[in-house]
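A structural walkthrough
One letter stands for each residue in the lines below.
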Amino acid sequence: MDKTGVASLIAGIILLVLGAYGVWIFLPDVIVFLKGVIGILAILIGIFLLIFGAILVKD
């Protein structure tokens, strides 16, 4: 492995540890964020299905 690969591996491990620590510290906020993301995804999927259904009904 070259120096770039080793540096990327070390940076990835450090970022993974820091990210896991951040999620652990802010766990209630992360849960609220994920609930919001699920709601937004549900709205977007509903809009796309509505448009898709309208296109199919036209034909």
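Structure first, text after, so check above.
So, here's what we can say about the structure. (Residues numbered from 1 in each chain as written. Predicted model: local features only at pLDDT ≥ 70, side-chain atom pairs only at ≥ 80, totals over all residues. Heavy atoms only, no water.)

This part covers the overall build of the protein chain. Across its full length, the protein chain carries two helices and zero strands. A compact globule built from 59 residues would reach a C-alpha radius of gyration of about 10 Å, whereas the protein chain, at 21 Å, exceeds it by more than 25%. For the protein chain, the residues scored as buried account for 0% of the 59 residues in total. Carbon and sulfur atoms provide 83% of the accessible area of the protein chain, an area that totals close to 5400 Å². (Helix = DSSP H or I, 4+ residues; strand = E, 2+ residues; numbered from the N terminus. Rg over C-alpha atoms; globule rule 2.2 N^0.38 Å. Buried < 20%, exposed > 50% of the residue type's maximum accessible area, 1.4 Å probe, protein only. Areas by Shrake-Rupley, 256 points an atom, 1.4 Å probe, with all protein chains shown as cover.)

Taken together, the side chains of Ile40, Leu41, Ile43, Leu44, Ile45, Ile47, Phe48, Leu49, Ile51 and Ile55 make up a nonpolar region of the molecular surface, amounting to roughly 990 Å² of accessible area. Its location among the elements puts isoleucine 55 in helix H2 (residues 27–58). By relative accessible area, which is 47% here, isoleucine 55 ends up partly exposed. (Patch = residues over 30% accessible without salt bridge, like charges linked within 9 Å, V, L, I, M, F, W, Y side chains within 5 Å. Salt bridge = Lys/Arg side-chain N within 4 Å of Asp/Glu carboxyl O.)

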